[in-house]
Each structure stands twice: as structure tokens, then as C-alpha cells.
Amino acid sequence: MVSKVKSIEKRSFPRSEALDFDAELKKCNTTLLVATLNRESREKLGGYCVFARVRRDVLLHKICVEEDVRRQGIAYAMIQHVRQTVGQKSDKIILWVDEARLPARKLYERCGFAELETCLDYYGPGRHGLKMILKLAT
Ligand SMILES: CC(C)(COP(=O)(O)OP(=O)(O)OC[C@H]1O[C@@H](n2cnc3c(N)ncnc32)[C@H](O)[C@@H]1OP(=O)(O)O)[C@@H](O)C(=O)NCCC(=O)NCCS
């Protein structure tokens, strides 16, 4: 399964933004969530999400959905699942997103995230990062 995740990651992100899954998944506070679809009796990987718990915060490192199954609610469902999983043990979910990634920004807004701050050149020259936060009910 992890090899399929790596393959989607490779197709979806530039090398400079690729997550080192081997290193990340060794960390005991990090979780890989995968969304599978049953299509014509075959299991297909629809998307994945990587998040880490740091004290009472959750850092959403990555979320990605296969191109041919986007706009079907998969990413939204994964974020809701993360919320349920971290439950009352966490105060907020924090993430950074390239401000040019409009579908991702729309997704996070739809999930209730608020924009907190912008960091210029966060992803490289001219590529600004947006910090977003979702406060969880405690
Ligand atoms: C961002 C991404 C994860 C969204 O996945 P998805 O499964 O298509 O999203 P969903 O179908 O769950 O969409 C939920 C909501 O997000 C918003 N949204 C998602 N994609 C959108 C798009 N292309 N344009 C506008 N709004 C969009 C909409 O509000 C949508 O709700 P609606 O369909 O009821 O209008 C997907 O486009 C992707 O993998 N992109 C490349 C990787 C990436 O940029 N990851 C984020 C940074 S790590």
C-alpha cells in the first residue's frame, strides 16, 4: 500500500515537495491514512493523508487524491476522519499550503480552516506559504 502512496505522491508533487515516507512513517506520532475505493470488484487507492500529533496539536503534512477521482468528496471525508481520530485529545489542526494551490485552499476552507498568516517564499522564490488552522471543539 505504501508503494502505491509513494507512486501517487511522485505523480502529484514536484520532487522538492515529495514527502520522505520511509523517514516520516518511522515516527511514532505520525499517521498515514489511506482512502480506498471499490471499483468493479477491484480495490483502488483513492488518496492519502499524512498527519502528526505534536502535544495537543495536529500537523496535517500532506493530503492528496488521485486525479481521476477528485471532486467526489474523498479529501473532505479524510479530513473529517482525521478530526474524529484525534478527537478530544487535540486542540487544533495546523497546516501550510502553497497559496497557488487553489483546490487545496478551497478544500480547507470548506472544512472550516481559517487563514492565519502568509510566509513569503516558503516553498521557494515567489511561492508563498499560507498557514491555516482549524480549531477543534474541546
Ligand atoms: C486538494 C485535493 C486533495 C482535493 O481532493 P478532492 O477529493 O478532489 O476534494 P473533495 O472532493 O473532497 O472536495 C471537497 C471540497 O473542496 C473544494 N474543492 C476541492 N477541489 C476543488 C477544485 N478543484 N476547485 C474548487 N473547489 C474545490 C470544494 O469546496 C469541495 O466541495 P464541493 O465538491 O462540495 O464543492 C486534490 O485536488 C489534490 O490531491 N490536489 C493535489 C495535491 C494537493 O494540492 N494537496 C494539498 C497540499 S498537500
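Above this text sits the structure in question.
Rules used throughout
Residues numbered from 1 in each chain as written. Predicted model: local features only at pLDDT ≥ 70, side-chain atom pairs only at ≥ 80, totals over all residues. Heavy atoms only, no water. Core = buried A, V, L, I, M, F, W, Y, C linked by side-chain atoms within 4.5 Å. Buried < 20%, exposed > 50% of the residue type's maximum accessible area, 1.4 Å probe, protein only. Helix = DSSP H or I, 4+ residues; strand = E, 2+ residues; numbered from the N terminus. Contact = heavy atoms within 4.5 Å. Phe/Tyr/Trp six-rings, centres within 6.5 Å; stacked < 30°, edge-to-face > 60°. Lys NZ or Arg CZ within 6 Å of the ring centre and 35° of its normal. Salt bridge = Lys/Arg side-chain N within 4 Å of Asp/Glu carboxyl O. Polar contact = N/O pair within 3.5 Å; in protein donor to acceptor, adjacent residues only side chain to side chain. Pairing = 2+ DSSP bridges. Axes fitted to C-alpha atoms, helices over the stretch in contact; angles between N-to-C directions. Near = heavy atom within 4 Å. Areas by Shrake-Rupley, 256 points an atom, 1.4 Å probe, with all protein chains shown as cover. Nonpolar A, V, L, I, M, F, W, Y, C, P; charged D, E, K, R; others polar.

**Q** I would appreciate a short explanation of the nonpolar core in the present structure.
**A** Across soluble globular proteins, nonpolar side chains show a tendency to be buried alongside one another. In terms of nonpolar packing, the biggest core is built from 28 residues, with Y108 and F113 touching the most fellow members. Those elements that provide at least two residues to this core are β1 (30-39), β2 (42-54), β3 (57-65), α3 (74-86), β4 (92-98), α4 (102-110) and β6 (129-135). For this core, the leading source of residues is α3, giving 6 residues. Ignoring sequence-local partners within four residues, the contact set of F113 consists of I79, I93, L95, Y108, M132, I133 and L134. Among the nonpolar cores identified, the runner-up in size contains 9 residues, and V5, L19, V50 and C64 belong to it.

**Q** Where do I start with the packing of aromatic side chains in this structure?
**A** What describes a pair of aromatic rings is the distance from one ring centre to the other and the angle between the planes of the rings. Counted under the stated rule, the structure contains 4 aromatic pairs. Seen in terms of ring centroids, F21 and Y48 are 5.9 Å apart; in terms of plane orientation they differ by 75 degrees. Their pairing is edge-to-face. Here the residue F21 occupies a position in helix α2 (residues 21-24), and Y48 occupies one in strand β2, the gap between them amounting to 27 residues. For the residue pair F21 and Y48, the accessibility class agrees, reading buried in each case. Of the aromatic side chains, those joined through ring pairs into one cluster are W96, Y122 and Y123. A cation over a ring is seen here: K62 above F13, with NZ or CZ 3.9 Å from the ring centre. When the ring centre of Y76 is taken as reference, the NZ or CZ atom of R110 above it lies at 4.7 Å.

**Q** Would you explain the pattern of salt bridges in this entry?
**A** When the charged atoms of two side chains lie near each other, side chains of opposite charge can form a pair. With the rule as written, the count across this model stands at 11 salt bridges. Ionic pairing is found between E66 and R11, a salt bridge with its closest N-O pair at 2.9 Å. A residue pair is termed long-range when its members are at least 10 positions apart, and E66 in the loop between β3 and α3 and R11 in helix α1 (residues 2-12) qualify at 55 residues. Judged by its relative accessible area of 54%, R11 is exposed. With its nearest N and O atoms 3.1 Å apart, the salt bridge here joins K27 to E24. Look at K27 and you get partly exposed, because its relative accessible area is 41%.

**Q** How do you make sense of the side chain of D57 when you look at a structure like this?
**A** Its place among the elements puts D57 in strand β3. There is a polar contact of 2.9 Å between the side chain of D57 and the side chain of K92.

**Q** Sorry if this is basic, but what is going on with the sheet that holds β2 here?
**A** One key point about sheets: their strands pair by backbone hydrogen bonds, in either a parallel or an antiparallel sense. Strand order in the open sheet made by the 6 strands is β1-β2-β3-β4-β6-β5, with mixed pairing throughout. Looking at strand neighbours, the two that pair on one side only are β1 and β5 (114-119), the edges of this open sheet. Pairs of neighbouring strands in the sheet enclose a mean axial angle of 25 degrees, with direction left out of account. Bridge count between β3 and β4: 3 bridges; the pairing is parallel. Its bridge partner lying in β4, L59 is registered against I94.

**Q** I'm lost on the site of the ligand in this one. Help?
**A** I63, V65, R71, G73 and Y76 are the nearest of the 19 residues found near the ligand. Measuring from an oxygen atom of the ligand, one finds a side-chain N or O atom of R70 at 3.5 Å. Taking A75, its main chain carries an N or O atom lying 3.0 Å from an oxygen atom of the ligand. About the coverage of the ligand: the protein hides 79% of its 920 Å² of free accessible area. Contributions of two or more residues to the shell around the ligand are made by β3, α3 and α4. Residues that form the shell around the ligand fall into these classes: 11 nonpolar, 2 polar and 6 charged.

Treat this as a map of the structure, not an account of what it does.
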